[in-house]
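Coordinate inspection notes
Letter by letter, the chains look like this.
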Amino acid sequence: MLLVADEVEPAYGSAALLSIAFVAVLVLLFLIMKLKLHAFVALILVSFLTALATKIPFAEVVPTMLTGFGNTLASVALLVGLGAMIGRLLEVTGGAQVLADTLVNRFGEKRAPLALGVASLLFGFPIFFDAGLVVMLPIIFSVARRFGGSVLTYALPAAGAFAVMHAFVPPHPGPVAAGELLGADIGLVLVIGLLIGIPTWFIAAYLFGTMTGRRIHVPVPELLAGGEVEQAQDADTRPAPSFAVVLSVLLLPLILIFLNTGLNTLATAGRVDGDATWVAVVRMFGQTAIALLITVLYAMFILGRGRRSKSDIEHIVNSALGPVCAIILITGAGGMFGGVLRASGIGEALSGSLEGLGLPVIVAAFVVSTALRVAQGSATVALTTTAGLMAPTVAATSGLSSVDLAAIVVAIACGATVLSHVNDSGFWLVGRFLGMDEKTTLKTWTVMETLIGVVGFAFAAVVSMLF
């Protein structure tokens, strides 16, 4: 049961509260970057210190922290855990390989980079960036050897697709946490994230990747040739699922969630009776958590039937949870930080300051997220911390529609994507696997991530203005 803490009267004026918020962020970055304190512990400690500094009553400090933590985990843990299970099932049963092979064969040699990018977009819906990229790399290298040219031509569109999906689209933890903290509809965040993410990927990852591949020749690395990933796939002689089966697993949650969002839109417009029982039932099954639960059950059945024993399937889904526990806890701790900021009155102070500057909320969200991303590297920490900082401001800003809230979530995700450099694990992951030195990685991966963030923010700002 969640504890609910009442919001207290601010103990200081706006200038003092904003100074405390600024110092809190600096302390958080210092703890994570310099002292190498784990982000989960650092966020809890800074939340506690911020609560004390803003003079939240002693009796309310812990309830306030637990409220922010619990409210965030209530939805984030479900979505991230179920999404990880779907991704792991597709990975282990060979679904990713089938998806890529089929698309490459259908798109043809000249469009092989596009095929790999589309495959990564589809596979990137349920699976995290690093896991998806590692699974796809043997496929990317195989296609690059088959058709020739720089490996960047094939790798950057795929890596960019995973980066876009991981930052922009639920059930990934960043957009889910940001959506929850800002009070945005997660289904609408998914729709807006896809509408913005796909053209952003095409411009900033596919077009940039193919042009970069023509300018910079990077040979196909031998790192995974006969390595663990390919050996594991070769050693598994069980039949892989068909392309139609893999596609059905990926499309099922999207269809269910779209039904919920579509019926909500129609009910708001008066086209259907929003109080009708059938509408309520369909919308219930389209809630993101239930849609993913249904998809997990469907994937366990359809991907395991005739290929895996029940104990194998149970082991696969269980193995998906361990790697995401740290991310879930960090996300919850970011929600705790946001809860403390809300209770202290810092949000209202920031809102008043932004109004005085005339800086739109969506621009401020992008700028804050960019600063945090550059400073400490983690996109998830930047997303969650920025959402916590901006949540009280968003709540205090009148006239924001549900589309505005979803666009702000995407804007925060864009800021958390730009300027990936040496303090980002993704920088080293991509550079190491593609056999690039730091200078080449900065010229390719860092530039592409920055383009993704800037182009995506431009689209988000346009969506917010138009709707």
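Describing the overall build of the chain
For the chain, the count of helices and strands is 20 helices and 0 strands. Across the 467 residues in the chain, those meeting the buried criterion constitute 56%. Across the chain, contacts joining residues at least 24 apart in sequence account for 82% of those joining residues at least 6 apart. Taken as a whole, the chain presents about 19,100 Å² of accessible surface, with 67% of it coming from carbon and sulfur.

Concerning the side chain of Thr50
For Thr50, the location among the structural elements is in helix H2 (residues 39-53). Here Thr50 falls in the buried class, since its relative accessible area comes to 4%. Among the polar contacts listed, one links the side chain of Thr50 to the backbone oxygen of Val46, at a separation of 2.7 Å. Here Thr50 is in contact with Ile20, Ala24, Phe337, Val340, Leu341 and Ile346, once residues within four sequence places are set aside.

What about the packing of helix H9 (residues 186-215) against helix H18 (residues 402-415)?
Each packed pair of helices is defined by two parameters, the angle between the axes and the distance between the axes. In contact at an axis separation of 9 Å, H9 and H18 are set at 60 degrees when each is read in the N-to-C sense. When the axis of H9 is compared with that of H18, the two are oblique. Crossing geometry of H9 relative to H18 is assigned as right-handed. Residues Leu188, Val189, Ile192, Gly193 and Ile196 of H9 form the contact with H18, whose own contacting residues are Ser402, Val403, Ala406, Val409 and Val410. Counted by class, the contact of H9 with H18 contains 8 nonpolar, 2 polar and no charged residues.

Describing a nonpolar patch on the surface
Taken together, the side chains of Val281, Met284, Phe285, Ile290, Leu293 and Leu297 make up a nonpolar region of the molecular surface, amounting to roughly 490 Å² of accessible area. Contributions of two or more residues to the nonpolar patch are made by helix H12 (277-285) and helix H13 (288-304). The topology assignment puts Ile290 in helix H13.

Regarding unusual backbone geometry
Phi angles above zero are rare outside glycine, and Lys36 is one such case at about 60 degrees. Positive phi outside glycine occurs at Lys55, with the angle close to 60 degrees. Positionally, Lys55 belongs in the loop between H2 and helix H3 (58-92).

Considerations on the packing of aromatic side chains
For any pair of aromatic rings, the description rests on two quantities: the centre-to-centre distance and the angle between the ring planes. This structure, assessed with the given rule, holds 5 aromatic pairs. Their ring planes at 65 degrees and their centres at 6.4 Å tell us that Trp201 and Phe202 sit as a pair that is edge-to-face. Take Trp201: its relative accessible area is 3%, and that puts it in the buried class. Following the ring pairs from residue to residue traces out a cluster consisting of Trp201, Phe202 and Tyr206.

Focus: the packing of helix H7 (residues 152-168) against H9
Between H7 and H9, the shortest axis-to-axis distance is 8 Å and the interhelical angle comes to 160 degrees. Taken together, H7 and H9 sit at an angle that is classed as roughly antiparallel. Where H7 crosses over H9, the handedness of that crossing is right-handed. In the contact of H7 with H9, the residues fall into 14 nonpolar, 9 polar and 1 charged.

Notes on the pattern of salt bridges
Pairing of side chains with opposite charge becomes possible as their charged atoms draw close. Under the defined criterion, the tally for this structure stands at 1 salt bridge. Arg373 serves as the salt-bridge partner of Glu449, at 3.3 Å between the closest nitrogen and oxygen. Pair noted here: Glu449 is in helix H20 (residues 438-466) and Arg373 is in helix H16 (residues 361-376), with a separation of 76 residues, a long-range link. Here Glu449 falls in the buried class, since its relative accessible area comes to 5%.

Side note on the environment of Phe337
Relative to the assigned elements, Phe337 resides in helix H14 (residues 310-344). Separated by 273 residues in the primary sequence, Phe337 and Thr64 place their C-alpha atoms 9.6 Å from one another. In contact with Phe337, other than residues within four places in its own chain, are Ala24, Leu43, Val46, Ser47, Thr50 and Thr385.

A look at the confidence of the model for the chain
Averaged over all residues, the pLDDT of the chain is 82; the fraction at 70 or higher stands at 89%. Contacts from residues 1-6, a stretch scored under 50 in pLDDT, to residues over four places away or in other chains number 11 contacts. Confidence drops under a pLDDT of 50 for residues 224-235, and excluding neighbours within four residues, the segment shows 13 contacts in the predicted structure.

What counts, and where the lines are drawn
- Residues numbered from 1 in each chain as written.
- Predicted model: local features only at pLDDT ≥ 70, side-chain atom pairs only at ≥ 80, totals over all residues.
- Heavy atoms only, no water.
- Helix = DSSP H or I, 4+ residues; strand = E, 2+ residues; numbered from the N terminus.
- Buried < 20%, exposed > 50% of the residue type's maximum accessible area, 1.4 Å probe, protein only.
- Contact = heavy atoms within 4.5 Å.
- Areas by Shrake-Rupley, 256 points an atom, 1.4 Å probe, with all protein chains shown as cover.
- Polar contact = N/O pair within 3.5 Å; in protein donor to acceptor, adjacent residues only side chain to side chain.
- Axes fitted to C-alpha atoms, helices over the stretch in contact; angles between N-to-C directions.
- Parallel < 35°, antiparallel > 145°, perpendicular 65-115°, else oblique.
- Left-handed = near helix turned anticlockwise from the far one by under 90°.
- Nonpolar A, V, L, I, M, F, W, Y, C, P; charged D, E, K, R; others polar.
- Patch = residues over 30% accessible without salt bridge, like charges linked within 9 Å, V, L, I, M, F, W, Y side chains within 5 Å.
- Salt bridge = Lys/Arg side-chain N within 4 Å of Asp/Glu carboxyl O.
- Phe/Tyr/Trp six-rings, centres within 6.5 Å; stacked < 30°, edge-to-face > 60°.
- pLDDT = per-residue confidence, 0-100.

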